[in-house]
Each structure stands twice: as C-alpha cells, then as structure tokens.
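Residue-level listing of the chains:
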Amino acid sequence: MLGGWDSMDDDRDTVAQLEAEQEKYAAQLAGLRRDEQAAASAQAVVPAAGSLVTADKAALAKDNARLKEQLAALSSASAHRSTASSITRSSVKTSGMRFVIRDLETREKGVDICIMMDGTGSMGWCLSACKTKANEIMAAAGTVHPEAVTRVACVIYRDIDDGPKLTEVSDFVTKQGLDAMTSFLSGLHATGGADECESIASGLKAALKLSWRSSTKLLIHFGDAPAHGTMYHNGRSGDSHPGGDPTGLVPEKLVKQLCSNRVNYYFAQISTTTIHMTNLFAEEYTHSQNAVFKVLDRGATASTFIPMVVDSVRDSMRRSAFFASGKTASSSGRGAGKGDPRTIFHSVL
C-alpha cells in the first residue's frame, strides 16, 4: 500500500509540471497572439498610410494640373496683352511717322522770303531793282521747288532822323497777293540817311514782326552801311550815334531772335564798311543747329539782284532740308568748305 502512495505522489508532480508547462505555453500563446494582433494592426496601418500618400499624390497632381491651366491662361493673356501693346505701339509709331511725313511734306512746300534793304539815297538802284523785278522774284523763287508755296515780304529801313519813313513794311504775300506787294513797292522812294550809318536795328525789329510760318525762312539783307555804334564799324564810318541806336535796340539781340526763329540770314555785301558788323552778326549764329548766317561777298548789283535772290532761296531750302534731317552744318556763312550744304545737298532738290 505504501508503494501505491508513492506512485500517486509521482503522478501529482507530473500533473503539476504539465499544468505549469501548460500555463507557460498559454502565456507564450497569449504573447504570440498579442504579437499577431500587433502585426495585424501594423499591416492595417501600412495600407492606410499608403492610401493617404496615394491620396496626397493625387491631390498634388490635381493641383499641379490646375496650376498648369492657370499658368497657360496667364501666358495666353500676357501674350494677348503683349500683342495688343505691340499693335498699339506700332499704331502709334505708324501714326506718328505719318504725322511727321505729312508735317515735313507741308513744311517742305513752303518758303518765306523777306527782302530787307536800306532805303536811303545811296541804295536807290537796289530799290528800283526790287520794284521792277518783284514778279521775277516770285516766279524765279518758285522754280527752286515747283510745289513750294512761296511768300515774299519786304522791309525798308532808313535812319533815325527820317521820322515816319524810318521803316516801311509789306508782310508776306503769295502769288495771289502780289498786286498788293507791287503797289507797296511802287510807292517807295530812296530818301534820307544823313550820316553813313543807318538804323539797321529798326529794320531787324520790323522783320521779326513779320508773319513767318514756313519751314524755310530766309532774310536777304541788302545794305551798304553798318549799324549805328562804333562796335559795328570800329570808328571807321561817319556815325552821329557812336554809342549805338538811340532807341536802345541792340542789333545782335535782334539777330539772335531771328536765329532762334530759324530764319536763315543772308547778307549781300555791297561795301567793305559792313564787314565788322557782319562778323558780329555771324557770331550769333555760330552755335545754331537750325539756321545760318551767310555773307554773299561777290557783290550785289542791279544785274545780279535776281540771280542772287534765287541762289539764296535754293541754298536756304537745301539747308532747311538738311536741318530737318537732324544733321548739322557749318554756320560760318563763308565759303563752301567741309560741312557746307552747298557741297552736301547737290542732290536734295
């Protein structure tokens, strides 16, 4: 009996061991199940994360496509604006060019010629030439440029003491108004001039008041005596007003105004007593880019009167065309050296 109890004790130990191992395995199984659940949870999260990434990629692609569409729209709008701006600029440029062309065409077809002369006794021959050749002046000037609208004016000046006859003026007229010019000239007489010097300042003042308007503006001055003031003749001429014009007029300032108004000033030298004066006048034109002062030093006579006027008109029109082109020319007015329009413009007109 005793051996039987020992056997039962052994069985109990074995069962206890088995139960312990069972609990151990159960614990291990529970751990494995937890691990499995964790793994399963992890596997569930990864696809979800992948889905989120995929969703984000799709959203980004959609946004990118939308941005591309907006960029294309902006580029198209910019292109339209650029084209419209280009068209506008082109239209403005074309319109401006047409305006310039029309303006040049209008201006190039006009020439204003003012014949200013000393009307005292010594210049009777010049006054007579102007009287008898007024029609020839208009006709001859018109041959320089057939399409040019030629206008002619006349300014006569005398001396300070000649009273109401100090200046006599006929403003610009076209061919249609030539009868009025002829009537004016027919009433002129060479008179006055007590001393050698004359009131050239009065003549210049009257010339400035004329209705200048054409692109080519030409003043042709015929005179055989200098202005009042020793600075204009260096004391070599008889002058009852050696301090200058008693009215306070300063010839150089008046000449400068003519230059500013783009009036080409051609002086027909008849006497050497005017050289000092013309040198001073020329200085006022030295820096001009739009007009010139020129001395016609070959001498003026009744026989050369018309050719001198025509040559002056032709040269003046060529200079005006040259200045309109934006170039510059010598304004010394003496000779036809380098830069002188007579050597540059032989094919302009």
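As a convention, each chain's residues are numbered from 1 in the sequence order in which they are written. With pLDDT at 70 or above as the cut-off, local features in this predicted model cover only qualifying residues; side-chain atom pairs require 80 or more to be listed or tallied, and sums for whole chains, interfaces and linings still use all residues. In computing side-chain properties, one takes all heavy atoms of the structure into account and sets aside hydrogens as well as water.

With respect to the sheet that holds strand 3 (residues 167-173)
Spatial ordering of the open sheet is given by 3-2-1-4-5-6, a layout of 6 strands whose pairing is mixed. One side of each edge strand has no neighbouring strand; the edge strands of this open sheet are strand 3 and strand 6 (293-296). Here the average twist between neighbouring strands, direction ignored, is 15 degrees. Relative to strand 2 (residues 149-157), strand 1 (residues 110-118) is paired through 9 bridges, and the arrangement is parallel. Bridge assignment links V111 to a residue of strand 2, and that residue is T150. The criterion used for residue contact is that any of the two residues' heavy atoms lie within 4.5 Å. Think of each axis as a best-fit line through the C-alpha atoms, taken over the contacting stretch in the case of a helix, with angles from 0 to 180 degrees between the N-to-C directions. Secondary structure elements are defined from DSSP: runs of H or I of at least 4 residues count as helices, runs of E of at least 2 residues count as strands, and each element is numbered from the N terminus. Most of the contacts of helix 2 (residues 124-132) go to strand 1, to which it runs at about 145 degrees, and overall it touches strand 1, strand 2 and strand 4 (216-223). Where helix 7 (residues 275-285) meets the sheet, it contacts strand 5 (263-269) and strand 6, and its direction lies at approximately 165 degrees from that of strand 5. Strands pair, by our definition, only if DSSP identifies at least two bridges between them.

Focus on the environment of D224
Along the chain, D224 turns up in the loop between strand 4 and helix 6 (251-260). With 107 residues separating them in the primary sequence, D224 and M117 have C-alpha atoms 9.2 Å apart. Nitrogen and oxygen atoms within 3.5 Å of one another constitute a polar contact, given that in protein one can donate a hydrogen and the other can accept it, and given that sequence-neighbouring residues count only through two side-chain atoms. A polar contact is formed between the side chain of D224 and the side chain of S122, at a distance of 2.8 Å.

A closer look at the packing of aromatic side chains
In summary, the pairing rule links any two rings of Phe, Tyr or Trp, Trp by its six-membered ring, whose centres are within 6.5 Å, and it sorts them by plane angle into stacked for under 30 degrees, edge-to-face for over 60 and tilted for everything else. In total, this model carries 5 aromatic pairs according to the counting rule given. Ring centres 6.3 Å apart and planes at 90 degrees place the aromatic pair F281 and F293 in the edge-to-face group. Of this pair, F281 sits in helix 7 while F293 sits in strand 6, placing them 12 residues apart in sequence. A simple rule labels every residue: compare its accessible area, found with a 1.4 Å probe on the protein chains alone, to the largest value its type can have, and call it buried under 20%, exposed over 50%, or partly exposed in between. Judged by its relative accessible area of 0%, F281 is buried. Taking the relative accessible area as the measure of exposure, F293 reaches 0% and is therefore buried. One aromatic cluster is present, built from ring pairs that chain together Y265, F281, Y285 and F293.

Considering the packing of helix 5 (residues 200-208) against helix 6
Interhelical geometry of helix 5 versus helix 6 gives an angle of 25 degrees and a closest axis separation of 9 Å. Looking at the two axes, helix 5 sits roughly parallel to helix 6. Like other packed secondary-structure pairs, helix 5 and helix 6 cross with a definite hand, here left-handed. Contacts between helix 5 and helix 6 pair A201, L204, K205 and L208 from the former with P251, L254, V255, Q257 and L258 from the latter. Split by residue class, the contact of helix 5 with helix 6 holds 7 nonpolar, 1 polar and 1 charged. Note on terminology: angles under 35 degrees are roughly parallel, angles over 145 are roughly antiparallel, angles of 65 to 115 are roughly perpendicular, and the others are oblique. Left-handed is the label given to a crossing in which the near helix is rotated counterclockwise from the far helix by less than a right angle, and right-handed is the label when the rotation is clockwise. For this classification, the nonpolar set comprises Ala, Val, Leu, Ile, Met, Phe, Trp, Tyr, Cys and Pro, the charged set comprises Asp, Glu, Lys and Arg, and every other residue, Gly included, is treated as polar.

With respect to the environment of S288
In this fold, S288 is placed in the loop between helix 7 and strand 6. At 3.1 Å, the side chain of S288 and the backbone nitrogen of N290 are in polar contact. Separated by 3.1 Å, the side chain of S288 and the backbone nitrogen of A291 make a polar contact.

Quick look at the pattern of salt bridges
Think of a salt bridge as a Lys or Arg side-chain nitrogen and an Asp or Glu carboxyl oxygen that are within 4 Å of each other. Tallied over the full model, the rule gives 4 salt bridges. As a salt-bridge pair, R158 and E168 come within 2.7 Å of each other at their nearest N and O atoms. Remark: E168 occurs in strand 3 and R158 occurs in the loop between strand 2 and strand 3; sequence separation between them is 10 residues. Residues D315 and K294 are paired through a salt bridge, measuring 3.0 Å at the closest nitrogen-oxygen approach. Residue D315 is located in helix 8 (residues 305-324), and its partner K294 is located in strand 6; the two are separated by 21 residues in the primary sequence. Members of the salt-bridge network, linked through shared partners, are R158, K165 and E168.

What to know about the packing of helix 6 against helix 7
Running from N to C, helix 6 and helix 7 cross one another at 40 degrees; their axes reach a closest spacing of 9 Å. Relative to helix 7, helix 6 is oriented oblique. Between helix 6 and helix 7 lies a crossing of right-handed hand. Contacts from P251, E252, V255, K256, L258 and C259 of helix 6 reach helix 7 at L280, F281, E284 and Y285. Grouping the amino acids of the contact of helix 6 with helix 7 by side-chain chemistry returns 7 nonpolar, no polar and 3 charged.

Observations concerning the pairing of strand 5
Sheet faces and side chains relate simply in a regular strand, where the side chains alternate between the two faces. Of all 7 residues in strand 5, 7 are buried, a share of seventy percent or more. Inspection of the sheet shows strand 4 paired to strand 5 by 7 bridges, in the parallel sense. Among the inter-strand pairings, L219 is bridged to a residue of strand 5, identified as Y265. Assessed by its sense of winding, the connection that carries the chain from strand 4 through helix 6 to strand 5 is right-handed. For the handedness criterion, the strands are oriented away from the viewer, and a crossover whose path from the first strand over the helix to the second runs clockwise is classed as right-handed.

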